[in-house]
Structures are given as structure tokens and as C-alpha cells.
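# Overview (structure and organization)
What follows is the residue order along each chain.
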Amino acid sequence: MKNVDDLIESAAELAARGLSKGEIADELNVSRETASWLVERSGTTPTATDQSPQRPDNGASRPQDIHVDWSAIGRDSKRMSDVASAMADMLAKHGEDVDLTIGIEKAGGPIATLVARELETDLGTYTPAKHQWEEGDIEELGGTFSRNFAGIRDRECYIVDDTITSGTTMRETIEAIRAEGGKPLACIVLADKQGLEELEGVPVYSLLQVISVGKNE
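About the cut-offs
- Residues numbered from 1 in each chain as written.
- Predicted model: local features only at pLDDT ≥ 70, side-chain atom pairs only at ≥ 80, totals over all residues.
- Heavy atoms only, no water.
- Helix = DSSP H or I, 4+ residues; strand = E, 2+ residues; numbered from the N terminus.
- Buried < 20%, exposed > 50% of the residue type's maximum accessible area, 1.4 Å probe, protein only.
- Areas by Shrake-Rupley, 256 points an atom, 1.4 Å probe, with all protein chains shown as cover.
- Pairing = 2+ DSSP bridges.
- Phe/Tyr/Trp six-rings, centres within 6.5 Å; stacked < 30°, edge-to-face > 60°.
- Axes fitted to C-alpha atoms, helices over the stretch in contact; angles between N-to-C directions.
- Parallel < 35°, antiparallel > 145°, perpendicular 65-115°, else oblique.
- Contact = heavy atoms within 4.5 Å.
- Nonpolar A, V, L, I, M, F, W, Y, C, P; charged D, E, K, R; others polar.
- Right-handed = clockwise from strand over helix to strand, strands pointing away.

When helices and strands are counted, the protein shows seven helices and seven strands. Each helix and strand of the protein, ordered N terminal to C terminal, gives the series α-α-α-α-α-β-α-β-β-β-α-β-β-β. Expressed as a percentage of the 217 residues in the protein, the buried residues total 46%. Accessible area of the protein: about 11,500 Å², with a carbon and sulfur share of 44%.

This paragraph deals with the sheet that holds strand 3 (residues 144-145). On the basis of which strands lie adjacent, the open sheet formed by seven strands has the order 3-2-1-4-5-7-6 and mixed pairing. Two strands bound the open sheet, and with one partner strand each, they are strand 3 and strand 6 (198-199). The pairing of strand 1 (residues 100-104) with strand 2 (residues 122-127) spans five bridges and is classified as parallel. Across the sheet, the residue bridging to T101 is L123, located in strand 2.

Once that is clear, we can look at the packing of aromatic side chains. Inspection of every chain in the model, using the stated rule, returns one aromatic pair. Ring geometry for Y126 versus F145: centroids 4.8 Å apart, planes at 55 degrees, classification tilted. With Y126 in strand 2 and F145 in strand 3, this residue pair connects regions lying 19 residues apart in the sequence.

Moving on to the packing of helix 2 (residues 21-28) against helix 3 (residues 32-42). Between helix 2 and helix 3, whose axes approach to 8 Å, the crossing angle comes to 105 degrees. In this view, helix 2 runs roughly perpendicular relative to helix 3, as classed from their interaxial angle. Residues K21, I24, A25 and L28 of helix 2 lie in contact with helix 3, whose contacting residues are R32, A35, S36, L38, V39 and E40. In terms of residue class, the contact of helix 2 with helix 3 is made up of six nonpolar, one polar and three charged.

Attention shifts here to the environment of A25. Looking at the element boundaries, A25 is found in helix 2. Its relative accessible area of 2% is what places A25 among the buried residues. Considered as a pair, A25 and A11 are 14 residues apart in the sequence and their alpha carbons are 8.7 Å apart.

Bringing the side chain of T169 into the picture now. Here T169 is to be found in helix 7 (residues 168-179). Accessibility expressed as a relative area gives 13% for T169, which makes it buried. For T169, the residues in contact, after removing those within four places along its chain, are I104, P128 and K130.

When you tally the buried positions in strand 1, you get five out of five residues, the bulk of the element. Taking every second residue as pointing to the same face, both faces of strand 1 are buried, with L100, I102 and I104 on one and T101 and G103 on the other. Read from strand 1 through helix 6 (residues 108-119) to strand 2, the crossover connection turns out right-handed. In the sheet, strand 1 pairs with strand 4 (residues 156-164) via three bridges, with the strands oriented parallel.

Structural data, given as C-alpha cells:
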């Protein structure tokens with residue numbers, strides 16, 4: 001993807017496939033506000049059937065956001081393994097007793113699988129509330145841990161995702177793990193748009209920190 005028009009086209013395609021705005025935000029690595037703006041600009045809704053997108057100029061201001069396209073890594077298993085090795089190396093400083101890695105679905109799951117292999121830990125996954133989000137108060141929604149993978153069971157763990165946009169999803173995951181009695185020791189992502197050093201008292205690491213300077217005109 002090279003420009004906003006490409007993102008609008010992608011948002012229209014994902015909406016036509018029935019994805020929620022929260023899932024579209026996840027797929028495009030943008031905030032929920034940006035996902036809403038892209039869908040509105042495309043002239044589709046998340047429940048629309050396949051159609052050619054229209055782009056009404058409704059006067060809505062463009063959200064300030066940064067799109068991170070890491071598909072050059074994601075499409076190649078060797079590149080993914082190399083990146084996971086680097087991420088595992090950054091997490092290893094927290095000791096050898098950690099035996100669980102939690103991946104945030106969707107994109108964080110495959111990355112966490114490779115990180116868990118490097119660190120020789122069990123693997124768990126968490127699906128955040130934003131995957132159900134359309135409009136309204138996301139606080140009324142809840143995320144879930146998959147029963148197909150390892151459970152928390154009061155264990156120390158690492159958290160893995162692809163990007164941090166606002167920090168909301170990572171914060172939600174930390175709180176969900178603690179609610180299960182677990183102890184998150186560190187979080188790691190490919191790219192962090194916020195430049196966070198810690199979240200809810202948990203260290204945050206990233207391979208890349210993306211910083212926006214100034215405002216879009």
C-alpha cells in the first residue's frame with residue numbers, strides 16, 4: 001500500500017467481506033478512528049455486499065495516524081523467523097523461568113508462535129474486544145483467551161503483537177491476563193507508534209518506533 005486511496009480500497013474490500021470496523025483496524029494496522037474514516041470514505045459499511053466503492057466528501061477530517069505495512073516480513077516464513085528471533089532476544093533479559101507467550105490475535109498469533117518456539121515456552125492467544133467493535137462504547141465488550149492453546153493458570157508470561165497504535169489493545173490484554181491470575185513480564189511488538197517504554201507497569205519493547213512529527217495539512 002502506497003497511499004490513502006489504497007487504504008480506502010482495502011477498507012472497502014474488508015467491509016464487503018463482513019469484517020467489523022475493529023477487525024478492519026487490526027488488518028490495516030490503524031486506529032479504530034482511522035478505520036471508521038476509511039470505511040466512511042469508501043462509501044461501504046461492514047455489512048455491505050460487494051460493490052464499487054464511492055467516496056463522498058462529507059467534510060470529515062482525516063485522522064492523524066500512521067499505517068505500518070509489514071507484509072514484506074509476514075509473507076515470508078524465513079523473514080518472520082528471523083524477526084521472531086530478534087524479538088525473543090529482547091525478551092530473554094527477563095529471565096529463564098517464563099514458560100508462556102501470549103499472542104494478540106490476529107496478527108500477533110503467528111508472530112507469538114515463532115517467538116514461543118525461540119524461547120521454548122507454551123503458547124496462548126488473546127482475541128481483543130476490538131474484533132467485535134462497530135460503533136458505540138467498546139468498554140461494554142470483552143476479549144477472550146482461546147481454549148485451543150495454553151491457559152494462564154497464574155503463570156508469568158510475555159505478550160506479543162504486531163503494532164501498538166494507541167496502546168488500548170495492549171493495555172486490555174495486560175488487564176485480562178492479570179484477571180486470570182497471570183503476571184505479564186514484558187510486551188513486544190514489531191512497531192510502536194506511541195514510543196512507549198512501559199504500560200500498566202509492564203516494560204514495552206519494539207523493533208521499530210514510528211514517530212510522527214507535525215500535523216497533516
